[in-house]
Amino acid sequence: MRIAYIFPTVEEAKGFILENPKALTFVSGVGMAAVAATAVRAAKAKKPHLMILCGVAGAYDPALMKGEVVEVVEERIGGLPERFRESYRLEPLTELRPVVSNTVNRCGEEAAGAQIEQMEGAAFFAVCEALDIEAAEIRAISNRVGEPREEWAFDQAVQNLTEILSQLNFEDET
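The structure displayed is predicted, hence computed values, not measured ones.

Reading the values: the criteria
- Residues numbered from 1 in each chain as written.
- Predicted model: local features only at pLDDT ≥ 70, side-chain atom pairs only at ≥ 80, totals over all residues.
- Heavy atoms only, no water.
- Helix = DSSP H or I, 4+ residues; strand = E, 2+ residues; numbered from the N terminus.
- Buried < 20%, exposed > 50% of the residue type's maximum accessible area, 1.4 Å probe, protein only.
- Contact = heavy atoms within 4.5 Å.
- Polar contact = N/O pair within 3.5 Å; in protein donor to acceptor, adjacent residues only side chain to side chain.
- Salt bridge = Lys/Arg side-chain N within 4 Å of Asp/Glu carboxyl O.
- Pairing = 2+ DSSP bridges.

**Q** Requested: an account of the environment of Val69, with residues and values cited.
**A** Along the chain, the position of Val69 falls in strand β4 (residues 69-77). Accessibility expressed as a relative area gives 9% for Val69, which makes it buried. Linking Val69 and Gly55, residues 14 residues apart in sequence, is a C-alpha distance of 9.6 Å. Setting aside chain neighbours within four positions, we find Val69 in contact with Leu96, Arg97, Ile138, Arg139, Ala140, Asn160, Leu161 and Ile164.

Structure follows, in structure tokens:
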């Protein structure tokens, strides 16, 4: 199976790239537009069977621990009026804790039933759905939503994300 991994930032991707140099890995930039453009480019150029969006996220849910790695099974766009909100749902592909996520343009949107927030997922799911490509989203919790950046556990989250991604048994037959 040909797999494309997409990370929003180099900082999130660096450890994975060093441990998995042959993996088909892309760095998109932060936000919905950047990840959508990268997902389309990756799909067009490499024709993957599965695309995985990977990165850190903030937790609304106090049961989620900093550093914990989760799989997003439902994405919503935060901040849209109720009548325009769409939800993207996927079956889990891993044994990781399944979570509901808000994709936001700025940190600190209201949870509205979501457990985490990040800035790319809904656009990524929409592109994969439109192109009929299997998708997954794996996130590591770096912070509590709304806490100052100096309190984040970014390095721990990225380290745990790298470790889990490297252990997942998706066969890559490029």
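**Q** Any details on the side chain of Gln118? Residues and values, ideally.
**A** Positionally, Gln118 belongs in strand β7 (residues 116-118). Here the side chain of Gln118 touches Gly121 through a polar contact of 2.7 Å, landing on its backbone nitrogen. When sequence neighbours within four positions are dropped, the list of residues in contact with Gln118 reads Val56, Ala57, Glu75, Ser101, Asn102, Thr103, Val104, Glu137 and Arg139.

**Q** How would you summarise the pattern of salt bridges if you had to cite specific residues and measurements?
**A** All told, the structure shown has 6 salt bridges when counted by the stated rule. With its nearest N and O atoms 3.3 Å apart, the salt bridge here joins Arg76 to Glu74. Here Arg76 falls in the partly exposed class, since its relative accessible area comes to 21%. Since its relative accessible area comes to 11%, Glu74 is described here as buried. The salt bridge partner of Arg139 is Glu120, with a shortest N-O separation of 3.0 Å. Placement of Arg139 in strand β8 (residues 134-144) and of Glu120 in the loop between β7 and α3 (121-131) is noted, with a sequence separation of 19 residues between them. Judged by its relative accessible area of 3%, Glu120 falls in the buried class.

**Q** How would you explain the pairing of β4 if you had to name every residue and give the values?
**A** Of all 9 residues making up β4, 7 are buried, and the element is well covered by its neighbours. Relative to β8, β4 runs antiparallel, the two being bridged by 3 bridges. Counterpart to Val70 in the pairing with β8 is Arg139. Pairing geometry for β4 and strand β6 (residues 97-103), over 7 bridges, is parallel. From the neighbouring strand, Val70 faces β6, where its bridge partner is Arg97. Bridge count between β4 and strand β5 (residues 87-89): 3 bridges; the pairing is antiparallel. By the bridge assignment, Arg76 is partnered in β5 with Ser87.

**Q** Would you mind going over the pairing of strand β3 (residues 50-59) in detail, with residue names and values included?
**A** Taking burial as the measure, the 10 residues of β3 include 10 buried ones, the bulk of the element. Direction of pairing for β3 relative to β8: parallel, over a ladder of 10 bridges. By the bridge assignment, Leu50 is partnered in β8 with Glu134. As paired elements, β3 and β7 share 2 bridges and run antiparallel to each other.

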